[in-house]
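Structural description and commentary
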Amino acid sequence: MKWGSFGIVHIATLIIGALIVLGLYFSLRKASKKTRTVVLGVLSFSGIGAIIFNLVTWGSPIEYLPLHLCSINAILLPIVVFTRSKTLGNMLLVWCLGALAALVVNTAQAEFELNSWTFVFYYFPHVLEFGIPILLFALGMIEKHPKYILSTLVITMLIYTGVHFCNLGLNAYLAANNILDSAGNLIQVNYMYSIVPANPLLVLFKQVIPYDYWYMYMIVPILAVYLGIVYLPQILKNRSAKAKVKA
């Protein structure tokens, strides 16, 4: 059975993914901190497993380097779980949306068979990359604080900038050495979609700012609004506390 895109099977897997995250929450909410760390820590390595799977399965490692947002998320996730870094943890509250988007907008993966390793190594790591950052806060393992909004935006765009230069360097190398794929086409990479938009929203961004790399800065105000909503309770609480101190 194929996964499909926005069909019954696809929607069912999205619901199952949400139930997996909820199941982890209810099974761990009364567990000790050590148990929570061990369980989420072990699960957090699923993304690294997916990176290794993609590097060895498709026969073209240069096209599957861990330079997409979800791959970098996968690398950082075990570090965040075991160190409980507040800076990285708060940043992953934004990055986990990339994993959710990869599950919802699955057009390129719609042909995956549900009983295939390809589906397993795509679906479950993305579910956990979305769910674990949320669970870290829901279970009280990391503190959510609005002071990390700026660092989240700055670090995210710095990494995006670094990845864009990786795209330019890799594409120059691939073109100079005429490295072709199995169909005889020149291989060109597009990590974090800094060159070619990959969905209708990014296409709209590039229509507004028709330049490689720069068009993705349209996401910054959207992220700022999202973070404002996420941290609104803490912002209101801090303002209330300051008002009481002044009074």
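Let us look at the structure shown here. Residue indices follow the written sequence of each chain, beginning from 1 at its first position. In keeping with the model being predicted, local features are shown solely for residues with a pLDDT of at least 70 and side-chain atom pairs are shown and tallied solely at 80 or more, while totals for entire chains, interfaces and linings include all residues. Side-chain numbers come from the whole structure's heavy atoms, not from hydrogens or water.

1. Observations concerning the packing of aromatic side chains
The pairing test for Phe, Tyr and Trp rings, Trp by its six-membered ring, is centres within 6.5 Å, and the orientation test on the planes gives stacked under 30 degrees, edge-to-face over 60, and tilted for anything in between. Evaluation of the coordinates by the stated rule reveals 16 aromatic pairs. Taking 5.8 Å as the distance between ring centres and 70° as the angle between the ring planes, the aromatic pair formed by Trp3 and Tyr122 counts as edge-to-face. Of this pair, Trp3 sits in the segment before helix H1 (8–28) while Tyr122 sits in helix H6 (residues 117–138), placing them 119 residues apart in sequence. Each member of the pair, Trp3 as well as Tyr122, carries the same accessibility label: buried. Aromatic pair Trp58 and Tyr64: ring centres 6.0 Å apart, planes at 20°, arrangement stacked. With relative accessibility at 36%, the residue Trp58 sits in the partly exposed group. An aromatic cluster of at least three residues, connected via ring pairs, comprises Trp3, Phe112, Phe119, Tyr122, Tyr123 and Phe124. A run of H or I in DSSP counts as a helix once it spans at least four residues, and a run of E counts as a strand once it spans at least two, with each numbered from the N terminus. Only protein chains enter the area calculation, which uses a 1.4 Å probe; residues under 20% of their type maximum are buried, those over 50% are exposed, and those in between are partly exposed.

2. A word on the environment of Gly140
Within the fold, Gly140 resides in the loop between H6 and helix H7 (149–176). For Gly140, a relative accessible area of 56% translates into the label exposed. With 107 residues separating them along the chain, Gly140 and Lys33 place their C-alpha atoms 9.3 Å apart.

3. Quick notes on the packing of helix H4 (residues 69–83) against helix H5 (residues 86–104)
Here, axes are lines fitted to C-alpha atoms. For helices the fit covers the stretch in contact, and angles between N-to-C directions go from 0 to 180 degrees. Two elements in contact, H4 and H5, have axes separated by 10 Å at closest approach and are oriented at 140°. Comparing their axes, H5 and H4 come out oblique. Here the hand of the crossing between H4 and H5 comes out left-handed. Judged by residue contacts, Leu69, Cys70, Ile72, Asn73, Leu76, Leu77, Ile79 and Val80 of H4 engage Leu88, Gly89, Met91, Leu92, Trp95, Cys96, Gly98, Ala99 and Ala102 from H5. When grouped by side-chain class, the residues that make up the contact of H4 with H5 number 14 nonpolar, 3 polar and no charged. Here is the rule for angles: anything less than 35 degrees is roughly parallel, anything more than 145 is roughly antiparallel, 65 through 115 is roughly perpendicular, and the remaining ranges are oblique. Here a crossing is taken to be left-handed if its near helix is turned anticlockwise relative to the far helix by less than a right angle, and right-handed if that turn runs clockwise. We call two residues in contact when some of their heavy atoms are within 4.5 Å. Residues are sorted three ways: Asp, Glu, Lys and Arg are charged, Ala, Val, Leu, Ile, Met, Phe, Trp, Tyr, Cys and Pro are nonpolar, and all the rest, Gly among them, are polar.

4. Quick word on H4
Its 15 residues place the ends of H4 21 Å apart at the C-alpha level, agreeing with the 21 Å of an ideal helix rising 1.5 Å per residue. The angle separating two fitted axes, one through the seven residues that finish at a residue and one through the seven that start at it, defines the bend at that residue. Within H4, the axis deviates most sharply at Leu76, by approximately 35°, and proline Pro78 lies no more than four positions further along. Buried residues along H4 sit against helix H2 (33–44), helix H3 (46–57), H5, H6 and H7. Following H4 by one or two positions, Arg84 adopts a phi angle in the positive range, close to 55°. Given a helix with a known number of residues, its expected span is that number minus one, times 1.5 Å.

5. Topic: the pattern of salt bridges
We count a salt bridge whenever a side-chain nitrogen from Lys or Arg sits within 4 Å of a carboxyl oxygen from Asp or Glu. For the structure on display, the rule yields 4 salt bridges. Its salt-bridge partner being Glu113, residue Lys2 comes within 3.3 Å of it at the nearest N-O pair. Here Glu113 lies in the loop between H5 and H6 and Lys2 lies in the segment before H1, a separation of 111 residues in the sequence. With relative accessibility at 29%, the residue Glu113 sits in the partly exposed group. We note a salt bridge from Lys86 to Glu143, for which the minimum N-O separation is 3.3 Å. Of the two residues, Lys86 is situated in helix H5 and Glu143 in the loop between H6 and H7; the sequence distance between them amounts to 57 residues. Note on Lys86: relative accessible area 37%, which makes it partly exposed.

6. A look at the environment of Ala50
Inspection of the secondary structure assignment puts Ala50 in helix H3. The class for Ala50 is buried, based on a relative accessible area of 7%. Residues Ala50 and Ser71, 21 residues apart in the sequence, show an inter-C-alpha distance of 8.6 Å.

7. Focus on a nonpolar patch on the surface
Together, Ile11, Ile15, Leu19, Leu22 and Phe26 make up a nonpolar patch on the protein surface, roughly 490 Å² of accessible area in all. If you trace the backbone, Ile11 turns up in helix H1. Patch membership requires over 30% relative accessible area and the absence of a salt bridge. Like charges are linked within 9 Å, and nonpolar side chains (Val, Leu, Ile, Met, Phe, Trp, Tyr) within 5 Å. Per-residue and other accessible areas follow the Shrake-Rupley method at a 1.4 Å probe size, with only the shown protein chains counted as cover for residues.

8. A look at unusual backbone geometry
Comment: phi is negative for the bulk of residues other than glycine, and the bulk of peptide bonds are trans. Its identity as a non-glycine residue notwithstanding, Arg84 has a phi of 55°, on the positive side. Positionally, Arg84 belongs in the loop between H4 and H5. Judged by relative accessible area, which is 26%, Arg84 ranks as partly exposed. In this model, Tyr193 sits at a positive phi of 55°, which is unusual for a non-glycine residue. Examined against the element boundaries, Tyr193 turns out to sit in the loop between H7 and helix H8 (200–208). Assessed through its relative accessible area of 35%, Tyr193 is described here as partly exposed.

None of this, on its own, says anything about what the molecule does.
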